[in-house]
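# Observations on the model geometry
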2 protein chains.
Amino acid sequence: MNINQNYLKLEDSYLFSTIAKKVAEFTKEHTEKQIIKLGIGDVTLPLAPVVVEAIKEAADEMGKRETFRGYGPEQGYAFLRESIKNYYSKKSVELESDEIFISDGAKSDLGNILDIFGLDNTVLVPDPVYPVYVDTNIMAGRKIIFADANESNEFLPLPDENVKCDIIYICSPNNPTGSVYTKEKLAKWVDYALKNDAIILFDAAYECFIKSHELPSSIYQIEGAKDCAIEFCSFSKTAGFTGTRCGYTVVPKSLIKQGASLNKFWVRRQTTKFNGVPYIVQKAANAVFSDVGQLQIKENIQYYSNNAKIIAETMDKKGIWYTGGKHSPYIWLKCPNNMSSWEFFDYLLNNIAVVGTPGSGFGRNGEGYFRLTSFNNTEKTIEAMKRFSDLI
Amino acid sequence: MNINQNYLKLEDSYLFSTIAKKVAEFTKEHTEKQIIKLGIGDVTLPLAPVVVEAIKEAADEMGKRETFRGYGPEQGYAFLRESIKNYYSKKSVELESDEIFISDGAKSDLGNILDIFGLDNTVLVPDPVYPVYVDTNIMAGRKIIFADANESNEFLPLPDENVKCDIIYICSPNNPTGSVYTKEKLAKWVDYALKNDAIILFDAAYECFIKSHELPSSIYQIEGAKDCAIEFCSFSKTAGFTGTRCGYTVVPKSLIKQGASLNKFWVRRQTTKFNGVPYIVQKAANAVFSDVGQLQIKENIQYYSNNAKIIAETMDKKGIWYTGGKHSPYIWLKCPNNMSSWEFFDYLLNNIAVVGTPGSGFGRNGEGYFRLTSFNNTEKTIEAMKRFSDLI
């Protein structure tokens, strides 16, 4: 029998294990210092009270014969798809319920969606990037090319007519750079995709951090996108569901490639290789869309946004070039004094006991950059920025 | 861009939609008749009280900052892997925790595991069979061959040394036939796999229905299986989790193919394309392994087993040939009077308003057979068998 040889081509990432090792060594040598972690890529605030209540109610339903639920629809319960449909409607995006698929998270769907595409497509991935886009395509043996994100394009690469590709990853607000495409810039990608018969996989996992109606929080706010884009979203950052696992993917019915409906292909993939999201989790996610739920989750998003603002203001004060921080929980800064990403990591750790993430861990173009996140608490974020100001 | 052309080779299954249509028509014409559904492939008893309580406690933890959990380990929390390790230990199977992977269900993993294998492997699937084994391999373009299950081998096909294959699916207790491999028969498959460098994908989703220690409830009870088999299991039937979604997959570290560790390949697949099972669901699953939990779920399994016995005894009384019914919730019977599967379906529906599943829906060798299930309640199962006895 043969293994999938493509797996042998995957590179091991030592990014987070190296960070952990360096932090552990520092802690051992400097037991007196209070380390502040601004490298956290995970939410820290608890689930909203309406969500907790919804889980408990659903658990009670599951405990009674009359209200027990077995297998649910693989694509998700109608009540949740309807709520998401309404959520999009408020953004002036009209979807049909059966264009929305409930999943256990954007990461799963971003990987699994590749099942419905041929292996001979060329994939375009921005650099720096969330490593999953690259690794899932290496696993399938697809050709991968990169779009350079850098200071000159504010880490928002635009299409190059001379470069041909079939599958395009766009993440906006971006992880790790925090940069956000304007409607005009995003429209250039939609135009490119339509002209070149390409598909855009639009990762909108951080859309809840967008505070301006001028900026697109869904690619379907761009004309033509329903003919060339699949959108992935998640309750992970929106409602703190990183450990509760619920996301959704939009596959418009107008997406026809080589005469086939990608919506039907995705239905077939999901009904064959997936059995839906837990009923209790779907009820939890649905609670997010109630009026009280919206107020409660917005409080948490505002908390993280405020932390991001504290970090961004420190960069402004120090004249450090950065992206993000406004419509994103991430601040992507240029390391001062031409330090490399790891040099700056060591510099911050050794001098002020603040931990961030070296940009080089996200790709070649990340070298010389550094990511700080807003997921720690406000007190610690303020303290970290005070130390930062004193140091730099 | 190119779609995955293999999807065009998938056949649509009209099995359950045709059943639904026929039942709807019958109901419309015979409003006075009480239909009894013995075609249900889903559990109907509620979650055990310990499970409901565990979900509520976990929800409370998630609602407090000090006990909130974000991203968990993709492979599952240590507490649940440890419980499963102990569960196997009681069956005289010694595993290491990192050979156990928590998933959202056996169906997902049975499909996703194929990621780690080459596309040029030949797959052997018994016929009749759970359709997912076939469809997931059609999607990947693999060559599929069938092993005939029939009356002469009691629907338990054995390996044929003249047939070469690389990936072998075995489901025991079987869906749809309810037949169970003995240790001796299963050992023949293990021997074949070891000799031919093949991998067995062992679907143990129904293992909880096995009541005899003589019958293998894990393939690892067979010597040599850790060198050739991956086992899939689930809380779906064990603890009524079909709508709560939790399963587990065992990938022994001794599984080395072409010099690569399949355990490491699966870790890589899961960490790249999956983000773990909800914390609340893992706590719920873990509650199943408490002493009270074991008592509560065994009560439910006994309830279904008793229904199966009622059906099996009716078949015995009528001299109808069947498999299953003893260590399985399914009874797979030979249609009386040489009726075809659909003829017998219509015969039961029109004469006694009892609904089952035509065996032909599970493969070529299912023609002339019929599946009854034990998932309805006992009163209705008794009533259905009373009507059956009067008719046949």
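Details of the structure are given in the entry above.
Reading the values: the criteria
Residues numbered from 1 in each chain as written. Chains lettered and ligands numbered in written order. Predicted model: local features only at pLDDT ≥ 70, side-chain atom pairs only at ≥ 80, totals over all residues. Heavy atoms only, no water. Least-squares fit on C-alpha atoms with pLDDT ≥ 70 in both. Core = buried A, V, L, I, M, F, W, Y, C linked by side-chain atoms within 4.5 Å. Buried < 20%, exposed > 50% of the residue type's maximum accessible area, 1.4 Å probe, protein only. Contact = heavy atoms within 4.5 Å. Pairing = 2+ DSSP bridges. Helix = DSSP H or I, 4+ residues; strand = E, 2+ residues; numbered from the N terminus. Axes fitted to C-alpha atoms, helices over the stretch in contact; angles between N-to-C directions. Polar contact = N/O pair within 3.5 Å; in protein donor to acceptor, adjacent residues only side chain to side chain. Salt bridge = Lys/Arg side-chain N within 4 Å of Asp/Glu carboxyl O. Buried area = accessible area lost by both parts, 1.4 Å probe. Phe/Tyr/Trp six-rings, centres within 6.5 Å; stacked < 30°, edge-to-face > 60°. Lys NZ or Arg CZ within 6 Å of the ring centre and 35° of its normal. Disulfide = S-S within 2.5 Å. Parallel < 35°, antiparallel > 145°, perpendicular 65-115°, else oblique. Left-handed = near helix turned anticlockwise from the far one by under 90°. Expected span 1.5 Å × (residues − 1).

The two copies are related by a screw operation: chain A maps onto chain B through 180° of rotation and 0.0 Å of translation along the axis, at an RMSD of 0.0 Å. Such a combination of rotation and displacement between the chain copies is what one expects of a two-fold axis. Among all residues of chain A, the one whose C-alpha sits closest to the rotation axis is Lys 56 of chain A, at a distance of 2.6 Å.

Within the largest apolar cluster, 142 residues are counted, with the highest numbers of intra-cluster contacts made by Ile 168, Ile 200, Phe 235 and Phe 241 of chain A together with Ile 168, Ile 200 and Phe 241 of chain B. Excluding anything up to four places from it in sequence, Phe 235 of chain A contacts Leu 80, Ile 84, Gly 240, Phe 241, Cys 246, Gly 247, Tyr 248, Ala 285, Val 288 and Phe 289 of chain A. With 65 residues, the next largest nonpolar core counts Ile 116 of chain A together with Phe 101, Leu 110 and Trp 266 of chain B among its residues.

Working definition: the strands of a sheet are paired by backbone hydrogen bonds and lie parallel or antiparallel to each other. Residues and elements named next belong to chain A. Spatially, β11-β12-β15-β14 is the arrangement adopted by the four strands of the open sheet, whose pairing is antiparallel. Strand pairing shows two members of the sheet lacking a second neighbour, β11 (322-324) and β14 (357-358), which therefore form its edges. Here three bridges tie β11 to strand β12 (residues 330-334), and the two strands are oriented antiparallel to one another. Within the sheet, the bridge partner assigned to Gly 324 lies in β12 and is Ile 331. Along the sheet face, helix α9 (residues 291-318) touches β11, β12 and β15 (369-373) and points at about 15° away from the line of β12.

Before going further, it helps to spend a moment on the environment of Asp 127 of chain B. All names here are of chain B. The residue Asp 127 is located in strand β3 (residues 122-127) in this model. In this structure the C-alpha to C-alpha distance between Asp 127 and Phe 362, which are 235 residues apart in sequence, comes to 7.4 Å. Those residues in contact with Asp 127, other than ones at most four positions away along the chain, are Phe 146, Ala 147, Asp 148, Ala 149, Phe 362, Gly 363, Arg 364, Asn 365 and Gly 366. Only 3.3 Å separates the side chain of Asp 127 from the backbone nitrogen of Arg 364, close enough to count as a polar contact.

The final tally for this structure, using the stated rule, is 38 salt bridges over all chains. Lys 22 of chain B is the salt-bridge partner of Asp 346 of chain B, the closest N and O atoms lying 3.0 Å from each other. Of the two residues, Asp 346 of chain B is situated in helix α11 (residues 341-352) and Lys 22 of chain B in helix α1 (residues 15-29); the sequence distance between them amounts to 324 residues. For Glu 383 of chain B, the salt bridge identified is with Arg 387 of chain B, shortest N-O distance 2.8 Å. Of this pair, Glu 383 of chain B and Arg 387 of chain B are both found in helix α12 (residues 378-391), four residues apart, which corresponds to roughly one turn of the helix. We classify Glu 383 of chain B as partly exposed; its relative accessible area is 30%. A single network of salt bridges, built from pairs that share partners, joins Asp 12 and Asp 135 of chain A together with Arg 268 of chain B.

What follows concerns the interface of chain A and chain B. At the interface, 77 residues of chain A touch 77 residues of chain B. Between chain A and chain B lies a buried interface of about 6,700 Å² when both sides are counted; carbon and sulfur atoms form 56% of it. Counting the surface chain A buries against chain B, the share from its top three residues, Met 1, Arg 65 and Arg 268 of chain A, is 13%. One can count eight salt bridges joining chain A with chain B. A salt bridge links Glu 74 of chain A to Lys 107 of chain B; the shortest N-O distance between them is 3.1 Å.

Scanning all chains against the criterion turns up 54 aromatic pairs over all chains. Where Tyr 330 of chain A meets Phe 375 of chain A, the ring centres are 6.2 Å apart and the plane angle is 85°; that geometry is what we call edge-to-face. Taken as a pair, Tyr 330 of chain A in strand β12 and Phe 375 of chain A in the loop between β15 and α11 (378-391) lie far apart in primary sequence, 45 residues in all. Across the pair, Phe 375 of chain A and Tyr 330 of chain A agree in class, each one buried. Ring plane angle 70° and centroid distance 6.2 Å describe the contact between Trp 332 of chain A and Phe 362 of chain A, whose orientation is recorded as edge-to-face. Here Phe 362 of chain A lies in the loop between β14 and β15 and Trp 332 of chain A lies in strand β12, a separation of 30 residues in the sequence. Pair check on accessibility: Trp 332 of chain A and Phe 362 of chain A agree, each one buried. Taken together, the ring pairs connect Tyr 87, Tyr 88, Phe 235, Phe 241, Tyr 248 and Phe 289 of chain A into an aromatic cluster. Here the guanidinium or amino end of Lys 91 of chain A rests over the ring plane of Tyr 88 of chain A, the centre of that ring lying 5.2 Å away. Taking NZ or CZ as reference, Lys 283 of chain B lies 4.8 Å from the ring centre of Phe 79 of chain B, over its face.

Quick look at the sheet that holds strand β2 (residues 100-103) of chain B now. All names here are of chain B. With mixed pairing, seven strands are arranged side by side in an open sheet as β2-β8-β7-β6-β5-β3-β4. If you trace the sheet from one side to the other, it starts and ends with β2 and β4 (143-148), each paired once. Taking each pair of neighbouring strands and ignoring which way they run, the sheet shows an average axis angle of 20°. Bridge count for β2 against strand β8 (residues 247-250) is four bridges, and the pairing is antiparallel. Looking at the pairing, Ile 100 lines up with Val 250 of β8. Where helix α3 (residues 78-90) meets the sheet, its contacts fall on β2, β7 (229-234) and β8, and the angle it forms with β2 comes to roughly 120°.

Another point: the pairing of β15 of chain A. Within a regular strand, side chains alternate between the sheet's two faces. Residues and elements named next belong to chain A. Within β15, five of the five residues are buried, leaving the element largely enclosed by the surrounding structure. Note that β12 and β15 share five bridges and pair antiparallel. Residue pairing across strands places Ile 331 opposite Leu 372, the latter belonging to β15. In terms of strand pairing, β14 meets β15 through two bridges, oriented antiparallel. Directly across from Thr 357, in β15, lies its bridge partner Arg 371.

Moving on to the state of the cysteines. All names here are of chain A. Applying the stated criterion to the full structure yields zero disulfides over all chains. With no disulfide partner, Cys 246 has as its closest neighbouring cysteine sulfur the one in Cys 233, 11 Å distant. According to the relative accessible area criterion, Cys 246 is buried, its value standing at 1%.

A few words now on unusual backbone geometry. All names here are of chain A. Cis geometry marks the peptide bond from Ser 172 to Pro 173, where omega comes out at -5°. Tracing the sequence through the fold places Pro 173 in the loop between β5 (167-171) and α6 (183-196). Residue Asn 175 is joined to Pro 176 through a cis peptide bond whose omega torsion reads 20°. Within the secondary structure, Pro 176 sits in the loop between β5 and α6. The residue Asn 337 is not glycine, and still its phi comes out positive at about 55°.

Moving on, we come to the packing of α1 of chain B against α11 of chain B. Residues and elements named next belong to chain B. Remark: α1 packs on α11, axes separated minimally by 11 Å, with the N-to-C direction vectors making an angle of 30°. Judged by the angle between their axes, α1 and α11 are roughly parallel. Viewed along their axes, α1 and α11 form a crossing whose handedness is right-handed. Each of Leu 15, Thr 18, Ile 19, Lys 22, Val 23 and Phe 26 in α1 lies in contact with α11, whose residues at this interface are Trp 342, Phe 345, Asp 346, Leu 349 and Asn 350.

Residue and element names in this part refer to chain A. With twelve residues, helix α10 (residues 341-352) extends 16 Å between its outermost C-alpha atoms, agreeing within 8% with the 16 Å of an ideal straight helix rising 1.5 Å per residue. Structurally, α10 contributes buried residues whose contacts are with α1 (15-29), β12, β13 (354-355), β14, β15 and α11. Note on α10: the residue one or two positions beyond its end, Ala 353, has a positive phi of about 55°.

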